[in-house]
Amino acid sequence: MKLMNKLVLSIALLTTPIFAFAEVIEIASFTLNKGVTFQEFAAIDKTVEKEHVKLQPGFISRETAKGENGEWLVVVHWETLKDADASMNSFMQAKAANTFMSKINTSTMNMKRYTK
């Protein structure tokens, strides 16, 4: 158990400075279209991250998770609100965004931003 506690503490210490600089936390949730599997979408989501989101100014980190019944969650940390807005404004022009958007039920999309 002591080893596990040390591991958790080490991870916390390594990640804390990264998130300390995040001013904006962006959370998006949505469901996948019928017939789209988590495995299929995970690869598409990773492409969007690699080819667009990670390349945006002010990007800090991004994580995704699957839920039940086709639900998907995306959490992105940005340095500033201006950076988050710029990424959102350029997203639909990104090549990888077309496939990403075609696989989700856009009527279920919910996005919120929180600032520190």
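Residues numbered from 1 in each chain as written. Predicted model: local features only at pLDDT ≥ 70, side-chain atom pairs only at ≥ 80, totals over all residues. Heavy atoms only, no water.

### Focus on the sheet that holds strand S4 (residues 104-115)
Stated formally: Paired strands, as defined in this entry, are two strands with at least two bridges between them according to DSSP. Labels follow the DSSP assignment, with helices taken as runs of H or I lasting at least four residues and strands as runs of E lasting at least two, numbered in each case from the N terminus. Think of each axis as a best-fit line through the C-alpha atoms, taken over the contacting stretch in the case of a helix, with angles from 0 to 180 degrees between the N-to-C directions. We call two residues contacting when some pair of their heavy atoms lies within 4.5 Å.
With respect to topology, 4 strands assemble into an open sheet ordered S2-S3-S1-S4, the strand pairing being antiparallel. Every other strand in the sheet has two partners, leaving strand S2 (59-66) and S4 as the edge strands with one partner each. Across the sheet, the mean angle from the axis of one strand to that of its neighbour is 15°, orientation sign disregarded. Across 7 bridges, S2 lies against strand S3 (residues 71-78) in antiparallel orientation. For Lys66, the partnering residue across the bridge sits in S3 and is Trp72. Across the sheet, helix H4 (residues 95-102) lies against strand S1 (24-32), S2 and S4, angled at about 115° from S4, the strand it touches most.

### Concerning helix H3 (residues 81-91)
Every α-helix carries 3.6 residues per turn, so stepping three or four residues along brings you back to the same face. Heads up, the condition is: Exposed residues in this analysis have more than 50% of their type's maximum accessible area, buried residues have under 20%, and partly exposed residues fall in between, with area computed by a 1.4 Å probe over protein chains only. Within this analysis, the arc is defined by the directions that extend from the helix axis to the C-beta atoms.
Every buried residue of H3 is accounted for by Asp83, Ala84, Ser87 and Phe91. Buried positions in H3, seen along its axis, are confined to an arc of 100° and lie on one side of it. More than 90 degrees from the buried face of H3, the exposed residues found are Lys82 and Asn89. Where the residues of H3 are buried, they touch S1, helix H2 (38-51), S3, H4 and S4.

### Things to note about the packing of H2 against H4
Counted only if it meets this: Should an angle fall under 35 degrees it is called roughly parallel, over 145 degrees roughly antiparallel, and 65 to 115 degrees roughly perpendicular, with every other angle called oblique. In this scheme, a crossing is called left-handed if the near helix is turned counterclockwise away from the far one by less than a right angle; it is called right-handed if the turn is clockwise. Charged means Asp, Glu, Lys or Arg here, nonpolar means Ala, Val, Leu, Ile, Met, Phe, Trp, Tyr, Cys or Pro, and polar covers whatever is left, Gly included.
One way to put it is that H2 packs onto H4 with a least axis distance of 9 Å and a crossing angle of 150°. With respect to each other, H2 and H4 are oriented roughly antiparallel. As H2 packs across H4, the resulting crossing turns out to be left-handed. Together, Phe41, Ile44, Asp45, Thr47, Val48 and Glu51 of H2 and Ala96, Ala97, Thr99 and Phe100 of H4 make up the contact between the two elements. When the residues that make up the contact of H2 with H4 are grouped by side-chain class, the tally is 6 nonpolar, 2 polar and 2 charged.

### Quick notes on unusual backbone geometry
Residue Asn69 is not a glycine yet carries a positive backbone phi of 55°. Within the element layout of this structure, Asn69 appears in the loop between S2 and S3. Look at Asn69 and you get exposed, because its relative accessible area is 74%.

### Let's talk about the environment of Val74
Checked against the element boundaries, Val74 lands in strand S3. The sequence separation of Val74 and Ile27 amounts to 47 residues, and the corresponding C-alpha distance is 5.7 Å. What Val74 contacts, discounting residues up to four positions off in sequence, is Glu26, Ile27, Ala28, Phe30, Asp45, Arg62, Glu63 and Thr64.

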